[in-house]
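# Inside the fold
Residue-level listing of the chains:
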Amino acid sequence: MAAGLATDPSRGLSEKEVTDRLREHGPNELESDEGPSAARIMIAQLTSPMILLLGAAAVLSAALGDIAEAAAIAVVIVLNAWIGFRQEYRAERAMASLQAMAVPQANLLRDGRPAQVETREIVPGDVVLLEAGSHVPADGRLLEAHTLSVDESVLTGESVAASKGAEPVAPDAPLAERTSMAYSGTSVAGGRGTLLVTATGRQAEFGRVADLLSGAESKETPLQRRLNNLVRGLAIAAGVIVAVVFGLGLLRGEELDTLLLTAVSLAVAAIPESLPAVVTITLALGAQRMLRRNALIRRLYAVETLGSVSTICSDKTGTLTQNRMTVVVLDMAGDRRELSDENGDAAIGAGELRANPTLRMLLAGGALCNDTGQAEDGELIGDPTETALVAVARRHGLDKRELESFLPRVGEVPFDSERKRMTTIHRLPEGERSIPPGLRQVFGAESLEAPGGSVAITKGALEGLLACCDSVDVGGEQVPIDEGLRERALAADEKLARNGVRVLGVAQRVWPKGGDVPEDTAIESGLTLLGLEGMIDPARTEAREAIATCREAGVRAVMITGDHPLTATAIARDLGLAGEDATALTGGQLEGLSDDELERAARDTRVYARVSPEDKIRIVEVLRREGEVVAMTGDGVNDAPALTQADIGVAMGITGTDVTKDAADMVLRDDNFATIVGAVREGRIVFDNIRKFIRNILSGNLAEVAVMVLGPLVGMPIPLLPLQILWLNLVTDGLPAMAFAVEPPESDVMKRPPTPRGESLLGADRGRALVTRGAALTVLVGVPAYMLWDSGDDAWQTVLFTSIAFAELAGSFAMRSERFSLARIGVFGNRMLVGAVALTVALQVLLVAVPAARDVMDLEPLAARHWLLVTGIALAYLAAIEADKALLRLRGRRPAARGAS
């Protein structure tokens, strides 16, 4: 490797070689692409179908000389565009975050001397010196590794630091198993080493992830797609209706001004002007509720998308688990102890420890043969596996610092990846020796007579450790090891490993005073096996409940992790995410599957392990092709590309990198899977409320369009003027619509399947309820208006205008549920709606009663009989909607608003 890069590992590169290679390979950094400009975002807002249609109506109004009307429409356009712009305007910072993760300086060999240089100046062929606490500045091959372990979680998702060595590995080994390589952006957890740089900048592993991230296509959310389809449909329908009415008018010889005014009125009637603003406010309120549940929404439309999620692809560590290794099993020959969670009471009492020296020494040995540090506040600092051993000993009264004062370390044989074990040597007390106060309860004596000497404690992988043992501690006695004891120990180790438990064996050898204690690996012989300590990253209790809720809600939970398949499947079974016979699909297996084969496998697979960033993207793409709405969680840089590809990218707020957070639509402030499920519930509530509002407003708009078309056909003048329609759509519809944003959830919100990806905003009934209710409203308001006009009553238009307003307000109470009756959900179940309706009724009455307002809107005063008629029409419309819902219940049909597929 060094020869291929023309590097002398003992001297590094010369300054001239560095200059030449910088010119050839470029600096060791990532260049970020610029995000969309503010102007581009604003242009996109102003060219949406709804805004274009409103703009055409404003131009026609101005051409007809109605400046007030044109100005009112223009205000609506500006407000809607500004709200959308504010929500969409955010720079894409994922690439900038990748740059921020780069290490500013690194220690290297240059011209045979140690040097500290800026990370951006590192080139292939450089020799980097690594030590505990340092970051890896570039990808490279390890030339030397002394007890070196590297935290690669940002790339692999592994919760445990990877042990490294200089021995070569297979070229096609998965990233997590390339023990002779280290990668840019990772950090050294322990030990030291020498790294020969092989790739920098875009050519490094981080660069590959950055390419995947920048190459991800921007996605349109289900709500955006549904809204665009709805508005497009409304625009087409309005255009066809206007063309038909305009053509019929020309054939009948009507004046051009009248036809243009009719066209403007129809266009305004067809468009729900308050829709963009109300949708945005509903989403914003939903985002606030989610924030109170520890879910921070970064992109507003993600609120509704969460409600449509049908598959949640979750990382394991920290999301489904507690992200802390915990010893759960102590296994000695013929004696196995299951331990409760470390936050509970001690599983083994002090009295039992005093009476069982084997058990006591197993716990003490795990803490003594250990490099964990401890902060002043007691926090344990070090490798998660080692801190778990110290924590379980401390929990049982064996504090590491007191143990080391009692049995001081005098020598060690460090861990290496070939032996897979480490040994520490401790001096035994001599003569009468006081036991430290903290240990007295466990040891059970104020002082003891000790012969002195030393004890060697070895911990490591059991298979290699057994080869160093010639006896086993059984009930306090050293029994020579035989094939039966050996097989029993290996069987216990294998059983624990199958259940996802990480196992370490602990052994010891006592050397008498004056004995010749070896100072190298020769000390690892003639050992006595004390037992096994098994540890796991425990599953979150609330995650089990959340997965059960997912099943009830028709949402599939899938685990995608970089961890070992056995560990992943064990946790999945424990959580109820997968069955007892479930197996994990690994990244290596994924590579051998075609897209069609993966599609078939993905239907049943619940656990993916040892996956790469490309694998995660491929899994998400396959699920989306299958029609799933996918939420993908992650915390490491390796997760960011898949997060951008999923319908909802979910980043961890505590353990997540800045890259992941910038690529995500939502950030979990508590890194908890249960929070995602809570957000899905809120998303469903938001979608239900948006759909209720749209059904309510479009029923009214349909009636407005119908009377505008039918009126002239029966000889009536234009039934409603553009400014009157704009009032209905903005005030009469707008204020109650805001109240729909806080409508309480219905009882079955998480007991029904998610809304299918292709289903429209109108529901699975394809607008049946909308048409039925719109037709009912048309008849209820149109027939009385025609009769008044035919009788010569000048107030006919004002009655029509006011009856539509009152009917829509009354209908909004019934529209609060598509299944349950108003009697069941209660008139006052949404107090904000009650207040909004009361305010709107007052505004409508004032508009008709105040002469100046009447003049602006071209209205007539209403008599008492008119007000009674208007009120009766409103109550009749409310009754019609309730009757329609009753028929649905009688037929046993699930309404579209409930997300039926």
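Just so it is clear, the structure is predicted and the values come from calculations on it, not from any experiment.

Further remarks concern the pairing of strand β22 (residues 527-536). For β22, the buried fraction is high: ten of the ten residues fall into the buried class. As defined by bridge partners, strand β10 (residues 326-332) adjoins β22 across five bridges and the pair is classed as antiparallel. Among the inter-strand pairings, Val-327 is bridged to a residue of β22, identified as Met-535. In this sheet, β22 lies alongside strand β19 (residues 469-474) in parallel orientation, the contact comprising three bridges. Among the inter-strand pairings, Val-472 is bridged to a residue of β22, identified as Leu-529. Inspection of the sheet shows strand β21 (residues 502-511) paired to β22 by seven bridges, in the antiparallel sense. Residue pairing for β22: Val-506 is matched across the bridge by Gly-531.

Another point: the sheet that holds strand β26 (residues 630-634). Strand order in this open sheet of eight strands is β8-β28-β27-β26-β9-β23-β25-β24, and the pairing throughout is mixed. In this open sheet, the two edge strands, each paired with only one partner strand, are β8 (295-297) and β24 (585-586). Across three bridges, strand β27 (residues 648-652) lies against strand β28 (residues 666-668) in parallel orientation. Each bridged residue has a counterpart across the sheet, and for Ala-651 the counterpart in β28 is Val-667. Sheet strands touched by helix α26 (residues 673-713): β8, β9 (311-314), β23 (556-560), β26, β27 and β28. Its angle to β9, the strand with the most contacts, is close to 160 degrees.

This paragraph deals with the side chain of Asn-830. For Asn-830, the position within the fold is in the loop between α31 (822-825) and α32 (831-849). According to the relative accessible area criterion, Asn-830 is buried, its value standing at 4%. Here Met-832 takes part through its backbone nitrogen, which lies 3.2 Å from a polar atom of the side chain of Asn-830.

With that settled, consider the nonpolar core. Membership of the largest hydrophobic core comes to 118 residues, with the highest contact counts inside it found for Leu-283, Ile-312, Leu-577, Phe-673, Ile-694 and Leu-720. The element best represented in this core is α26, accounting for 17 residues. Contacts of Ile-312, omitting those with residues within four sequence positions, involve Cys-550, Val-555, Arg-556, Ala-557, Val-558, Ala-631, Phe-673, Ile-676, Val-677 and Val-680. Counting residues in hydrophobic clusters, the runner-up holds 33 residues, among them Ala-367, Cys-369, Leu-403 and Met-422.

Between side chains of opposite charge, a pair can form as their charged atoms come close. Under the counting rule described, the total for this entry stands at 35 salt bridges. Between Glu-542 and Arg-540 there is a salt bridge, with the nearest N and O atoms lying 3.3 Å from each other. Across the pair Arg-603 and Glu-626 runs a salt bridge, and its minimum N-O distance is 3.1 Å. Taken together, the residues Arg-603 in the loop between α22 (595-602) and β25 (607-609) and Glu-626 in the loop between α23 (613-625) and β26 connect sequence positions 23 residues apart. With relative accessibility at 46%, the residue Arg-603 sits in the partly exposed group. The partly exposed category is assigned to Glu-626, whose relative accessible area is 33%. Overlapping salt bridges bring together Arg-695, Arg-773, Glu-818 and Asp-884 as one network.

When pLDDT is averaged along the protein, the result is 83; 88% of the residues meet or exceed 70. This model gives residues 98-103 a pLDDT under 50, and the stretch forms 16 contacts once residues within four places in sequence are excluded. The low-confidence segment residues 894-901 (pLDDT under 50) makes 36 contacts with residues lying over four places distant or belonging to another chain.

A few words on the environment of Leu-490. Of note, Leu-490 is situated in helix α18 (residues 483-498). Its relative accessible area of 33% is what places Leu-490 among the partly exposed residues. Linking Leu-490 and Leu-462, residues 28 residues apart in sequence, is a C-alpha distance of 7.4 Å. Here Leu-490 is in contact with Leu-462, Glu-463 and Leu-466, once residues within four sequence places are set aside.

The rules behind the values
Residues numbered from 1 in each chain as written. Predicted model: local features only at pLDDT ≥ 70, side-chain atom pairs only at ≥ 80, totals over all residues. Heavy atoms only, no water. Buried < 20%, exposed > 50% of the residue type's maximum accessible area, 1.4 Å probe, protein only. Helix = DSSP H or I, 4+ residues; strand = E, 2+ residues; numbered from the N terminus. Pairing = 2+ DSSP bridges. Contact = heavy atoms within 4.5 Å. Axes fitted to C-alpha atoms, helices over the stretch in contact; angles between N-to-C directions. Polar contact = N/O pair within 3.5 Å; in protein donor to acceptor, adjacent residues only side chain to side chain. Core = buried A, V, L, I, M, F, W, Y, C linked by side-chain atoms within 4.5 Å. Salt bridge = Lys/Arg side-chain N within 4 Å of Asp/Glu carboxyl O. pLDDT = per-residue confidence, 0-100.

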